[in-house]
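Structural overview
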Amino acid sequence: MSIFSVPTATLGVPRIGRHRELKAALENYWSGRIPADDLLQATKRLREANWLEQRDRGIAKIPSNDFSLYDHVLDTAIMVGAIPKTYGWTGGEVPLDVYFAMARGDQGSDGEACAHGCHGHGVAALEMTKWFDTNYHYMVPELSADQTFGLCSTKPLSEFREAAALGIRTRPVILGPVTFLKLAKARGSTFDPIALLPRLIPVYAELLQQLSQAGARWVQIDEPCLVLDLDAADRIGLELTYQRFAAVPDLNIMLATYFGALGDNLETALALPVAGLHIDLVRAPEQLEPVARLSRKDQVLSLGLIDGRNVWRANLPAILDRIRPVVAGWPLDRIEIAPSCSLLHVPIDLELETTLDEDLKSWLSFSVQKMDELTLLAEALVEGKSAVAKELQASAEAVQSRAASLKVHDPLVEGRLLAITEPMRRRRGAFAERRDLQARKLGLPNFPTTTIGSFPQTPRVRKARSAHARGELSYVEYEAFLKQETETAIRWQEEIGLDVLVHGEFERNDMVQYFGEQLAGFAFTKHAWVQSYGSRYVRPPIIFGDVSRPRPMTVSWWQYAQSLTDKPVKGMLTGPVTILNWSFVRDDIPRNVTCRQIALAIRDEVIDLEAAGAAMIQIDEAALREGLPLRKSDWQAYLDWAVDCFRLASSGVGDGTQIHTHMCYSEFNDILDAISAMDADVISIETSRSKMELLDAFRTHKYLNEIGPGVYDIHSPRVPATGEMVDLMMLARQRLADGQLWINPDCGLKTRGWDEVRPALINMVEAARQLRAVA
Ligand SMILES: Nc1nc2c(c(=O)[nH]1)N[C@@H](CNc1ccc(C(=O)N[C@@H](CCC(=O)N[C@@H](CCC(=O)N[C@@H](CCC(=O)O)C(=O)O)C(=O)O)C(=O)O)cc1)CN2
Ligand SMILES: [Zn+2]
């Protein structure tokens, strides 16, 4: 490397392709429309395009092995041979079937049948959970106490060679062994997976050795666990690991940390014998000075300066002014310029958005634009600001134009925020009074049955929506189609005997995007997809300004659905915390201020639904638990404002109106105080896989409000039998009073097919009948 340049790195780029080529290839393969070869060819094209694009945009440290067919944590589990016996793998190269069985279960968990020689006895997928505080979900590796490891995949090596054939020497990315074990789950939960580290280290060392022999000079090892609360065993584990890796000849390690500050792990990180350290300076700008001061002089510091978690264009001159004094006098090759974390979490290319407001567009930067920002920063550091004066000025001007824009600031919203009063955050009566009033008004049976909101988003529904978007289906026709779907769903729910109905959410593309498209202060995109899990992607709305609700968003759909039936239909909304956590947010005001603005908008909608006659309104807070900060010390402050926002959104109604909320993927033990403080009349939660154990916490906590513990795992295509659901409810009854309990699935049914949903819900209603008979 010449001493006259500062290298740039991306740490990883989106895998899905500008036009979601990966989704198409995967879903075509799963449904048997294309053979494995075609799938693999498609993925090869995606990798090559990514490498060439990074090269052409001047990125020096180009990653490989950042690609994944489904998930990089699953890839790592496969790489080290952590494949539970149930998947029937007996050694050798791991077949695609086994890989996808671990990802999706061997019937396929997204509603398509497996067409590729699956064993057909319903092996369940690994559990899935969210990756740190992102909306990306990984497959949780499952390890046994007697787990052994071995190098079982050549993926890092073959992708390194694949790029080398294009003339690009990449820096392979590998998920570090300590983070891998911390993300894994102990089968039987009788031991701490970190205890397996001594068995895992040699496997990684062997891989590193092979990469070195193949010509790799650097590898990037990701240890984002370094921004979490660690204990002594974790820290010792890190030391053991990197001491061993330092012995691999001719290979330099760039140890990557991201999503937060090293904090009390700073000393541990700096003591590791690695050639480079990457730090996140967007989430934790304050660590620049101490890390620069304390890092070894022979160590490369990778500065995470461009936001890998958000879409705003950077203020490059401001960044330069911040780092120049700190690195003054350093040899140029002691620093690297990088995004805060891998670019996996941002959309690919802003240029695809041809209908975005021009001002807004000038404020944004997606993955490939961020590459350009990185190279500009590097150039300015080497050649001085004057060499790229025009570009730097444009960057500063964009930031200034955003700060001053009338599109961003709405004095009415800012005034409303100041006028929030205490009574606005409180239901009028106490829960007991509300419960009695609602019981008289609603007259529901014991163990009322309901669903969480969405019914299957069938290809028919999605086709109609995209035909409407392309202008091939008029709004009148599209609306008539949706009304028809809604009516069919209402009739069917009545027919099978559900007690509380939903309209089915057919008109919604996504539970967050749908609201983003109707709220002021939000922009939405056409192509800005980000992977959420596997082949499922989201287009997070972009919150650019003060938020308000120009007009009702859901009232007419609710009215239509309610007009079809005498049974109560729930109003169906997404809550402020979830809208915030699943959107790209402003970086010029605190998150909690934006969240209060959204809360007031949702409050308006809640009040309008009540005025239209809704007796029950559900406000989903699927992402409230997910949004917990990575460090425990930050939890309370977050929970305080998150709960406050939910209460603000939900408290504008009378005592006779029943407020429901829903949360999924939840470990509630830590946050029960917050859940109580939300004071929803009814909460539905995911419990079916945990055998109702979750309810212990509600009992010990003396939780009095009503609860619908999910009895049907909607992540699996399996149809639960009536008896299973009765058994689960009997377990629930041991923990909570009969009068508190509702019966419902774990979550919405949008990713399922009607063939699974119909029998499952019929069985669920029958389970309620049987319970009523014995209770
Ligand atoms: N935002 C968000 N985050 C979440 C969840 C969630 O529901 N929403 N759930 C949890 C799990 N994550 C999930 C994320 C995505 C999906 C999901 O189903 N995504 C869909 C896309 C949903 C969507 O926006 N659909 C649009 C666009 C659909 C589309 O691709 N249309 C085609 C044409 C369709 C056709 O002709 O068949 C096109 O535009 O090209 C619509 O329905 O309008 C997918 O990737 O398949 C499910 C769960 C956690 N995080
Ligand atoms: Zn859910």
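Rules behind the numbers
- Residues numbered from 1 in each chain as written.
- Chains lettered and ligands numbered in written order.
- Predicted model: local features only at pLDDT ≥ 70, side-chain atom pairs only at ≥ 80, totals over all residues.
- Heavy atoms only, no water.
- Helix = DSSP H or I, 4+ residues; strand = E, 2+ residues; numbered from the N terminus.
- Rg over C-alpha atoms; globule rule 2.2 N^0.38 Å.
- Buried < 20%, exposed > 50% of the residue type's maximum accessible area, 1.4 Å probe, protein only.
- Contact = heavy atoms within 4.5 Å.
- Areas by Shrake-Rupley, 256 points an atom, 1.4 Å probe, with all protein chains shown as cover.
- Lys, Arg positive; Asp, Glu negative; His and termini not counted.
- Charge placed at Lys NZ, Arg CZ, Asp CG, Glu CD.
- Donors = N, O, S within 2.8 Å, 3.2 Å for Na, K, Ca; no water.
- Phe/Tyr/Trp six-rings, centres within 6.5 Å; stacked < 30°, edge-to-face > 60°.
- Lys NZ or Arg CZ within 6 Å of the ring centre and 35° of its normal.
- Near = heavy atom within 4 Å.
- Polar contact = N/O pair within 3.5 Å; in protein donor to acceptor, adjacent residues only side chain to side chain.
- Nonpolar A, V, L, I, M, F, W, Y, C, P; charged D, E, K, R; others polar.
- Domains from an automatic or database assignment.
- Pairing = 2+ DSSP bridges.
- Axes fitted to C-alpha atoms, helices over the stretch in contact; angles between N-to-C directions.
- UniProt positions renumbered as here; feature names shortened; annotations may be inferred.
- Buried area = accessible area lost by both parts, 1.4 Å probe.
- Salt bridge = Lys/Arg side-chain N within 4 Å of Asp/Glu carboxyl O.
- Parallel < 35°, antiparallel > 145°, perpendicular 65-115°, else oblique.

Helix and strand content of the protein: 27 helices and 20 strands. Relative to a compact globule of 775 residues, whose C-alpha radius of gyration would be 28 Å, the protein shows 26 Å and is just as compact. Seen through its principal axes, the protein has C-alpha atoms that stretch 80 × 65 × 55 Å. A burial count over the protein gives 62% of its 775 residues as buried. Sequence separation of at least 24 residues holds for 78% of the intrachain contacts in the protein that already meet a minimum separation of 6. A total of about 29,100 Å² of accessible surface is found on the protein, and carbon and sulfur atoms cover 53% of it. Across the protein, the mean location of the 84 positive side-chain charges is 0 Å away from that of the 101 negative side-chain charges.

So, about the coordination of the zinc ion (ligand 2). Those protein atoms acting as donors to the zinc ion (ligand 2) are H662 (NE2), C664 (SG) and C747 (SG), and they sit at 2.1 to 2.4 Å. Donor residues for the zinc ion (ligand 2), ordered by position in the chain, follow H-x1-C-x82-C. Neither residue differs from the other here; H662 and C664 are each classed as buried.

So, on to the packing of aromatic side chains. Inspection of the entire model under this criterion finds 18 aromatic pairs. With centroids separated by 5.8 Å and ring planes inclined at 45°, the aromatic side chains of Y29 and F100 adopt a geometry described as tilted. In this pair, Y29 is assigned in helix 1 (residues 21-30) and F100 in helix 4 (residues 96-104), connecting sequence segments 71 residues apart. The burial state of Y29 is the same as that of F100; both residues are buried. Their ring planes at 80° and their centres at 6.1 Å tell us that W131 and Y138 sit as a pair that is edge-to-face. You'll find W131 and Y138 in the same group, each marked buried. What links up through ring pairs into an aromatic cluster is the set Y29, W30, Y70, Y99 and F100. Positioned above the aromatic ring of Y537, the side-chain terminus of K23 is 5.7 Å from the ring centre. Over the face of the ring belonging to W30 we find R104, whose NZ or CZ atom lies 3.5 Å from the ring centre.

Right, let's get into the site of ligand 1. The immediate surroundings of ligand 1 are formed by 22 residues, with K23, R465, D510, Y537 and K750 found nearest. R536 places a polar side-chain atom, nitrogen or oxygen, 3.0 Å from an oxygen atom of ligand 1. Burial of ligand 1 by the protein amounts to 82% of the accessible area it has alone, namely 990 Å². Among the secondary structure elements, those contributing two or more residues to the shell around ligand 1 are helix 17 (459-469), strand 13 (530-533) and strand 14 (536-538). Residue contributions to the shell around ligand 1 peak at four residues, all from helix 17. When its residues are assigned to classes, the shell around ligand 1 shows seven nonpolar, six polar and nine charged. Composition of the shell around ligand 1 by domain shows at least three residues from each of domain 1 (21-68 + 130-404) and domain 2 (430-466 + 497-518 + 553-774).

Glancing now at the sheet that holds strand 20 (residues 706-709). If you trace the five strands from one edge of the open sheet to the other, you get 16-17-18-19-20, paired in parallel fashion. Taken across any chain shown, the strands that pair with only one partner, and hence form the sheet edges, are strand 16 (571-574) and strand 20. Each strand axis lies, on average, 20° off the axis of its neighbour in the sheet, ignoring direction. In terms of strand pairing, strand 16 meets strand 17 (residues 616-620) through four bridges, oriented parallel. Among the inter-strand pairings, L573 is bridged to a residue of strand 17, identified as I619.

Tracing the backbone through its elements, the reader meets E336 in strand 11 (residues 335-339). Of the residues examined, E336 reaches a relative accessible area of 1% and is grouped as buried. Only 3.0 Å separates the side chain of E336 from the side chain of R171, close enough to count as a polar contact. In contact with E336, not counting residues within four places along its chain, are V6, P7, A9, K61, R171, M254, V300, L301, S302 and L303.

To continue, consider the UniProt feature "binding site: 5-methyltetrahydropteroyltri-L-glutamate" (unreviewed entry) in the protein. As annotated by UniProt and renumbered to match this structure, "binding site: 5-methyltetrahydropteroyltri-L-glutamate" (unreviewed entry) occupies R20, E21, L22, K23, K130, W582 and E626. In three dimensions, the annotated residues from a span of 607 residues occupy distinct locations, with a maximal C-alpha spread of 28.7 Å. The topology assignment puts E21 in helix 1. With relative accessibility at 33%, the residue E21 sits in the partly exposed group. Apart from residues lying up to four places away in sequence, E21 is in contact with I16 and L46. Following the sequence through the fold, W582 ends up in the loop between helix 21 (576-581) and helix 22 (591-612). Of the residues examined, W582 reaches a relative accessible area of 16% and is grouped as buried. Leaving out residues up to four positions away in the same chain, W582 has contacts with N135, M511, V512, P540, P541, A622, A623 and E626.

Another point: the domain arrangement of the protein. Taken as a whole, the protein is organised into domain 1 (21-68 + 130-404) and domain 2 (430-466 + 497-518 + 553-774). In this structure, domain 1 and domain 2 have C-alpha centres spaced 36 Å apart. Contacts between the two partners involve 24 residues from domain 1, matched on the other side by 11 residues from domain 2. Each partner contributes to the roughly 1,300 Å² buried at the junction of domain 1 and domain 2, and carbon and sulfur atoms together form 50% of this total. Our enumeration of links across domain 1 and domain 2 arrives at three salt bridges. The partner of D587 in a salt bridge is R402, with the nearest N and O atoms 2.6 Å apart. The tally of links from domain 1 across to domain 2 stands at 10 residue pairs in polar contact (both at pLDDT 80 or more). Across the side of domain 1 that touches domain 2, the residue classes break down as 11 nonpolar, seven polar and six charged.

Turning next to the pattern of salt bridges. Summed over the entire model, instances satisfying the criterion amount to 53 salt bridges. Linking R460 and E485 is a salt bridge whose minimum nitrogen-to-oxygen distance equals 2.3 Å. Of the two residues, R460 sits in helix 17 while E485 sits in helix 18 (residues 475-496), which places them 25 residues apart along the sequence. A relative accessible area of 53% means that R460 is categorised as exposed. Residue classification places E485 among the buried residues on the basis of a relative accessible area of 11%.

In contact at an axis separation of 9 Å, helix 1 and helix 2 (residues 36-56) are set at 170° when each is read in the N-to-C sense. Taken together, the axes of helix 1 and helix 2 are roughly antiparallel relative to one another. Mapping the contact onto sequence places E21, L22, A25, L26 and Y29 in helix 1 and A36, L39, A42, T43 and L46 in helix 2. Partitioning the contact of helix 1 with helix 2 into residue classes produces eight nonpolar, one polar and one charged.

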